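# A closer look at the structure
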Amino acid sequence: DLYFTLRDYAKARRAYEKAQDLAPETEEAAYARFQTGRCYNQLRQYDKALQCYRKFLLEQYKGSEWADDAVLCAGMIYVGPLNDQSTGQKMFETVLERWSHGDKADVAQLHLATLAYWQADWTEALVRHELLVKNYPASRYVRAVQTLRIPVILNQMTEKERRVARKQVSKG
């Protein structure tokens, strides 16, 4: 982790890859694979980063404690540098489906809410933001969502649209 902290991502990547080879079926190897993906991301080698993160979806590391982190990072690559909001949205939804009680679920919910907000899909944005507040009340994002985002969203909606959205929130 020292090379990563020092932002020497090429050296860090090599060290993490060696660590994976030493004990490939362990949680330490899963962490090393996750960090390898982060190194590739920092090096702007997004396809290689995504290859690392895919191992947490489809292959040997899908049961790892780092799996939700990896899928969340994949979503951020799709939404950010690759400008593929649809695939990024699927990654965030996967985090919520598979790890709804994990430590990254609130972040995935916030990203989904943000995508709807950016697209000015006010009903979906309100639903996603309200679900964050409802499902993750201890999240560090709740206060900002309640005080900054939801009032702006409500300002954009008719009363009828608000009722429809709130009905969706109460269902799930």
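Here's a quick rundown of the structure.

Analysis parameters
Residues numbered from 1 in each chain as written. Predicted model: local features only at pLDDT ≥ 70, side-chain atom pairs only at ≥ 80, totals over all residues. Heavy atoms only, no water. Phe/Tyr/Trp six-rings, centres within 6.5 Å; stacked < 30°, edge-to-face > 60°. Lys NZ or Arg CZ within 6 Å of the ring centre and 35° of its normal. Helix = DSSP H or I, 4+ residues; strand = E, 2+ residues; numbered from the N terminus. Expected span 1.5 Å × (residues − 1). Buried < 20%, exposed > 50% of the residue type's maximum accessible area, 1.4 Å probe, protein only. Contact = heavy atoms within 4.5 Å. Salt bridge = Lys/Arg side-chain N within 4 Å of Asp/Glu carboxyl O.

Right, let's talk about the packing of aromatic side chains for a bit. Counted according to the given criterion, the structure contains seven aromatic pairs. The ring centre of Tyr117 lies 4.7 Å from the NZ or CZ of Arg149, which sits over that ring.

Turning our eyes to something else, we now look at helix H8 (residues 122–135). With 14 residues, H8 should cover 20 Å at 1.5 Å per step; its first-to-last C-alpha distance of 19 Å lies within 8% of that length. All of the buried residues in H8 are Ala125, Leu126, Val127, Arg128, His129, Glu130, Leu131, Leu132 and Val133. Tucked inside the fold, the buried residues of H8 contact helix H6 (85–98), helix H7 (105–118), helix H9 (142–155) and helix H10 (159–171).

If you check the backbone angles, Arg44 has positive phi at about 65 degrees while not being a glycine. Mapping Arg44 onto the fold places it in the loop between helix H3 (27–42) and helix H4 (46–58).

What follows is about the pattern of salt bridges. Within the structure shown, the criterion is met by seven salt bridges. Put simply, Glu124 and Arg128 hold a salt bridge, and the shortest N to O gap is 2.8 Å. Placement of the pair is Glu124 and Arg128 together in helix H8, with a separation of four residues, close to one helical turn. Under the relative-accessibility criterion, Arg128 is labelled buried at 14%. One salt bridge in this structure joins Glu130 and Arg166, with 3.1 Å as the shortest N-O distance. Of this pair, Glu130 sits in helix H8 while Arg166 sits in helix H10, placing them 36 residues apart in sequence.

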